[in-house]
Amino acid sequence: MSPTATGLLAPIGAELDEFERRLRDCVRDDLGPMSEAMQHIINAGGKRLRPALVILSSRLGEPPADDHVYALALGIEFIHTATLVHDDLIDDAETRRGLATIHAMLGSNPAIIVGDYYFARGANLTSSIGIPRIDEVISATVMTICMGELMQMVTKRDLFQSVATYDSKIERKTAALLSACTYCGAIVSGLDEPRREALRRYGSLLGMAFQMADDLLDYIATEAQIGKPVGADLRQGTVTLPLMYALSDRHTEGRLRAVLARQPLGDPDYAEVVALVRESCGVEQTEARAREFGERARAELAVFPESEARTTLEALCGYVVERGF
């Protein structure tokens, strides 16, 4: 996690340290090849945004059992990691955060098994809490994520897809799991349904803002910052909001279409697309839309009294948007 995020989450620093300890203990207990594969992913680091959301949301109600909070945070983090293993395989990505991906190290078949195992491991942990509603939410969320992945696959290289289609994909692929973090965190802390729903909406809107900002980083960051080649999304055929806006900018539309019409595209072509997106309105419009979703997320917290947890959740609305801008 970046120093900025670490400072932001200082109020739950001890809990995140304990989460990290339990995470490594869980992985260490697994069979050798499975444990080694997951330890590789853990060593690559990560934002730990999802466990942080679980912990912070659980602080907005009555103090829950620690074991329930950590089981929920660990379960969701394992599910998230499983989606990354499968995503990397589908995209044939060689690296993540600067380290080799599981399928690049072990091959496609082991990567599928590792991903499947940690989907199940995550569900097993969340079910250990013993609250059926959490089981319902988690299983529905995994189904939603899979549908989002399928939507992304069938819209690959579709330069003419609508913003509504883009929203629908990222709502399923990213926002759904963040929404599950905050909603289930509300459940373990005994919040009533209206406040659970407020946190569900908060998580979903935060996830939308997060993914828009992440998609923009793919065009404006450096390879060192994001741990993968700039323009990697487009190389994999994924059309995201910055490019969509750039294709509607009269100053860049024609030149972009001319470059994208070349087949097959080579490194100089991808570099030219990135440069044109940076030149277009796509950067500014994507920033603005990410901020709009961040502010909408922040507004959902108004139903909660002032507290350190609420303040931190509010600050996350700015962090997820501004981290790369």
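Residues numbered from 1 in each chain as written. Predicted model: local features only at pLDDT ≥ 70, side-chain atom pairs only at ≥ 80, totals over all residues. Heavy atoms only, no water.

### A look at the environment of Val142
Now for step 1: Within the element layout of this structure, Val142 appears in helix H8 (residues 132-154).
Now for step 2: The spatial distance from the C-alpha of Val142 to the C-alpha of Ala176 is 8.6 Å, given a sequence separation of 34 residues. (Helix = DSSP H or I, 4+ residues; strand = E, 2+ residues; numbered from the N terminus.)

### So, the packing of helix H2 (residues 13-28) against helix H5 (residues 66-91)
Now for step 1: As a packed pair, H2 and H5 sit with axes 10 Å apart at the nearest point and diverge in direction by 60°. Crossing of H2 over H5 shows right-handed handedness. Mapping the contact onto sequence places Glu15, Glu18, Phe19, Arg22, Leu23, Cys26 and Val27 in H2 and Asp67, Tyr70, Ala73, Leu74, Glu77 and Phe78 in H5.
Now for step 2: Counted by class, the contact of H2 with H5 contains eight nonpolar, no polar and five charged residues. (Axes fitted to C-alpha atoms, helices over the stretch in contact; angles between N-to-C directions. Left-handed = near helix turned anticlockwise from the far one by under 90°. Contact = heavy atoms within 4.5 Å. Nonpolar A, V, L, I, M, F, W, Y, C, P; charged D, E, K, R; others polar.)

### Structural notes on unusual backbone geometry
Now for step 1: Pro264 follows Gln263 through a cis peptide bond whose omega is -5°.
Now for step 2: Mapped onto the elements, Pro264 comes out in the loop between helix H14 (253-260) and helix H15 (267-279).
Now for step 3: In this model, Asp92 sits at a positive phi of 55°, which is unusual for a non-glycine residue.
Now for step 4: If you trace the backbone, Asp92 turns up in the loop between H5 and strand S1 (95-96).

### Quick notes on the packing of aromatic side chains
To describe a pair of aromatic rings, one takes the distance between the centres and the angle between the planes.
Now for step 1: Applying the stated rule across the entire model yields two aromatic pairs.
Now for step 2: Summarising the aromatic geometry, the rings of Phe78 and Tyr118 are spaced 5.1 Å apart at their centres and angled 35° between planes, so their arrangement reads as tilted. Taken together, the residues span a long stretch of sequence, with Phe78 in helix H5 and Tyr118 in helix H7 (residues 108-127) at a distance of 40 residues.
Now for step 3: Of the residues examined, Tyr118 reaches a relative accessible area of 0% and is grouped as buried.
Now for step 4: Sitting over the face of the ring of Phe293, Arg296 holds its NZ or CZ atom 4.8 Å from the ring centroid. (Phe/Tyr/Trp six-rings, centres within 6.5 Å; stacked < 30°, edge-to-face > 60°. Buried < 20%, exposed > 50% of the residue type's maximum accessible area, 1.4 Å probe, protein only. Lys NZ or Arg CZ within 6 Å of the ring centre and 35° of its normal.)

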